[in-house]
Amino acid sequence: MDKITAQGKKFVDQHGRERIFRGINVVDKKPHRGTKTTFKYPVDDDYLRRCQSLGFNMIRLGALWDVIEPAPGQYNSAFLDELERIIDRCGKYGIYVFFDIHQDVHSEYANLGGSGAPEWAALTDGYKVKNTQFVWAEGYFFRKAVWAAFKNFWDNAPVQGKGLQDWYADMLQELARRFADKPAFFGYDFMNEPFGDKKCAQTFSRLIANLVKVVLFDKRVKICALLRCLLKSPDRIFEILGGDILLEIMKGGEESVRDFDLNRYTPFLNKMTAAVREIDRNHMVFVDHCYYSNAGVPCNAGPIIHNGEREKNQCFTPHAYDFTVDSPAYENANNDIVRAFFEQLRRSQERLDIPVIVGEWGGGGEGTKWYPHISFLLDLFEKFKWSNTYYFYLEDAEELAYRNKEDVGKEDLFDIPLVDTVLNRPFPMAVCGDISAFHYDETARTFQLRYTQDMDFDAPTVIFLPHAPKSVEVSSGVYELAAHGKGFVIRWTTGIGEHFCDVKI
């Protein structure tokens, strides 16, 4: 597989081609609870053939620190062997893998109500946590035990004579020793949606205060419409406000999140990168962002500095969702709100000047009314020339049903119409030059690519198509059509100059 590096805001391969990646999250949130030896999901040949047929060329593979290192310095070799087999298997199908050390609300231990850190690393300073009452994330907002656990991590509190972050860095080095030589391995997402301590938690109260201020004094707010919504459809309150007003509200959290980004998270990124680079000097390291930046609070993390210089191979992995995600109300997901969130994250990318893989986006729900929202987001990512990995939620619903002792099947992403009607769309996998623009018109079923080439390449431009094309028009050069799983690719050889390709599906 081609070696991938970062060059400004784009990914390039060893041939110099600009690369775009699309794929899916495969995240195992199950704790070790003994000795967990197998990955929750069967990432087997059948699964990967289906991914390949959709043009998926990237997987965000996630697991918990808890499973990797259930005791200080003791690694779960059987589980890590399984991860290695998955990465090798992905390589057979031309699918890259970046590894996500996943966490939500720190840990499931000490009754924190989340997942991530092992029991020995969940230091809550004696604070107790009540069971989750409303939403999974409430520990971020209200729970002193959660704040204490994060504070101890960021303070590098000692366990058995070594700091928590030092144990974490050692764990990443263990992963680097195993993954660095894998052709399909892409890089390290050090921590999913990191969170701060009590100071960061105060963001929630500041956002509420700023919400009141904006509603009362921002002339763009239509008070009468807002009151009617509160009485009739309170779940659609943010839709009434709109994306730009919501960003104004989210500015209330900027100060506390900036403090976390600059004084906690960025030093952590630098430290983890230094640890990994002792073993793996090539693969990508990822800048994630604070949980609050999922919802429009500006991200001020990074860029990563290593040995006094800006790290060459780093990328940004933003996340954002509509507030209704993973609920029946998701059929009313609001394009304008999520547009505002991702435009805010786009500004962070421009500040960082690094490529993007949207690590989490999308969601799930009943019916198909939310599908146009997914199409809207794909259009937005195309506009920004962003790579992405879709996060699918049916498994979360399955987990809930299991806990409620309901009988559920093993429905997954490939079993719903979303795949064929929305996600299965053309895109340029590799382009010989700088992409000016690419876009798929879902209604007209037409794909367009524009790029400029300023040198000769020893490899072709490659465009994925979900179905055999009805027609292909190219500006110049020679192309061939080849099978790609159940889909197709156009391999197109071009020379120096400006080029276009128009395809009718």
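Here is what the cut-offs are and how they apply
- Residues numbered from 1 in each chain as written.
- Predicted model: local features only at pLDDT ≥ 70, side-chain atom pairs only at ≥ 80, totals over all residues.
- Heavy atoms only, no water.
- Axes fitted to C-alpha atoms, helices over the stretch in contact; angles between N-to-C directions.
- Helix = DSSP H or I, 4+ residues; strand = E, 2+ residues; numbered from the N terminus.
- Parallel < 35°, antiparallel > 145°, perpendicular 65-115°, else oblique.
- Contact = heavy atoms within 4.5 Å.
- Nonpolar A, V, L, I, M, F, W, Y, C, P; charged D, E, K, R; others polar.
- Left-handed = near helix turned anticlockwise from the far one by under 90°.
- Pairing = 2+ DSSP bridges.
- Core = buried A, V, L, I, M, F, W, Y, C linked by side-chain atoms within 4.5 Å.
- Buried < 20%, exposed > 50% of the residue type's maximum accessible area, 1.4 Å probe, protein only.
- pLDDT = per-residue confidence, 0-100.
- Polar contact = N/O pair within 3.5 Å; in protein donor to acceptor, adjacent residues only side chain to side chain.
- Patch = residues over 30% accessible without salt bridge, like charges linked within 9 Å, V, L, I, M, F, W, Y side chains within 5 Å.
- Areas by Shrake-Rupley, 256 points an atom, 1.4 Å probe, with all protein chains shown as cover.
- Salt bridge = Lys/Arg side-chain N within 4 Å of Asp/Glu carboxyl O.

A separate point is the packing of helix 5 (residues 144-154) against helix 12 (residues 254-277). As a packed pair, helix 5 and helix 12 sit with axes 11 Å apart at the nearest point and diverge in direction by 60°. Relative to helix 12, the element helix 5 is oriented oblique. Contact with helix 5, carried on its side by Lys151, Phe153 and Trp154, involves Phe260, Arg264, Tyr265 and Phe268 of helix 12 and no other residues of that element. Of the residues assigned to the contact of helix 5 with helix 12, the class counts are five nonpolar, no polar and two charged.

Okay, the packing of helix 6 (residues 164-179) against helix 12 next. Direction vectors running N to C along helix 6 and helix 12 enclose 40°, while the axes themselves pass 8 Å from each other. The angle between helix 6 and helix 12 places the two elements in the oblique class. Crossing geometry of helix 6 relative to helix 12 is assigned as right-handed. On helix 12, the residues touching Gln165, Asp166, Tyr168, Ala169, Leu172 and Gln173 of helix 6 are Phe268, Lys271, Met272, Ala275 and Val276. By residue class, the composition of the contact of helix 6 with helix 12 is seven nonpolar, two polar and two charged.

What follows concerns the sheet that holds strand 23 (residues 497-504). Taken in spatial order, the four strands make up an open sheet running 17-18-23-20, and their pairing is antiparallel. Of all strands in the sheet, those bounded by a partner on one side alone are strand 17 (434-441) and strand 20 (471-474). Direction aside, neighbouring strands of the sheet carry axes that sit 10° apart on average. Looking at chain direction, strand 17 and strand 18 (residues 446-453) are connected through seven bridges and run antiparallel. Bridge pairing links Phe438 to Leu449 in strand 18.

Residues Leu61, Trp65, Phe99, Tyr168, Phe342, Trp361 and Ile374 are the most contacted members of the largest nonpolar core, which totals 132 residues. The leading source of residues in this core is helix 6, at nine residues. With residues up to four places along the chain from it excluded, the contact list for Leu61 reads Val26, Phe39, Leu83, Ile86, Ile87, Val97, Phe98, Phe99 and Asp100. Ranked by size, the runner-up nonpolar core spans 24 residues in total, among them Cys432, Leu449, Ile463 and Trp492.

What follows concerns the environment of Thr493. Considering the arrangement of structural elements, one finds Thr493 in strand 22 (residues 487-493). Along the backbone, Thr493 and Asn388 are 105 residues apart, and their C-alpha atoms lie at a distance of 26 Å. With near-sequence residues (within four places) excluded, Thr493 lies in contact with Pro460, Gly477 and Val478.

Put simply, the chain has an average pLDDT of 91, and 95% of its residues get 70 or more. Here residues 394-410 scores under 50 on pLDDT; set against residues more than four positions off or in separate chains, the count is 16 contacts.

Mapped onto the elements of the fold, Asn424 is located in the loop between helix 16 (418-423) and strand 16 (427-431). When neighbours within four sequence positions are excluded, Asn424 is seen to be in contact with Ser53, Leu54, Val419, Phe464, Pro466 and His467.

In this section: unusual backbone geometry. The residue after Gly302, namely Pro303, is reached through a cis peptide bond having omega -5°. Looking at where Pro303 falls in the secondary structure, it is placed in the loop between strand 10 (284-287) and strand 11 (305-306). Phi at Val105 is positive, roughly 55°, even though this residue is not glycine. Within the fold, Val105 resides in the loop between strand 6 (96-102) and helix 4 (138-142). On the basis of relative accessibility, which here comes to 1%, the residue Val105 falls in the buried class. Here the phi dihedral of Glu193 falls at roughly 40°; this positive angle occurs in a residue that is not glycine. The residue Glu193 is located in the loop between strand 9 (185-189) and helix 7 (198-201) in this model.

Moving on to the sheet that holds strand 5 (residues 58-64). Across the sheet, which stays open at both edges, the eight strands sit in the order 13-10-9-6-5-4-15-14 with parallel pairing between neighbours. The open sheet has two free edges, formed respectively by strand 13 (314-316) and strand 14 (357-358), since each of these has just one partner strand. For strand 14 and strand 15 (residues 387-390), the ladder comprises two bridges, and the chain directions are parallel. Bridge assignment links Val358 to a residue of strand 15, and that residue is Asn388.

It is worth spelling out the side chain of Asp28 at this point. Counting through the fold element by element, Asp28 comes out in the loop between strand 4 (22-27) and helix 1 (45-53). Looking at Asp28, its side chain comes within polar contact range of the side chain of Lys36, at 3.0 Å.

A surface patch of nonpolar side chains, about 440 Å² in accessible area, is lined by Ile208, Val212, Leu216 and Phe217. When you line up the elements, Leu216 lands in helix 8 (residues 203-217).

Right, let's get into the pairing of strand 9. Most of strand 9 is tucked away, with five of its five residues classed as buried. Inspection of the sheet shows strand 6 paired to strand 9 by four bridges, in the parallel sense. Across the sheet, Phe98 pairs through a bridge with Gly187, a residue of strand 9.

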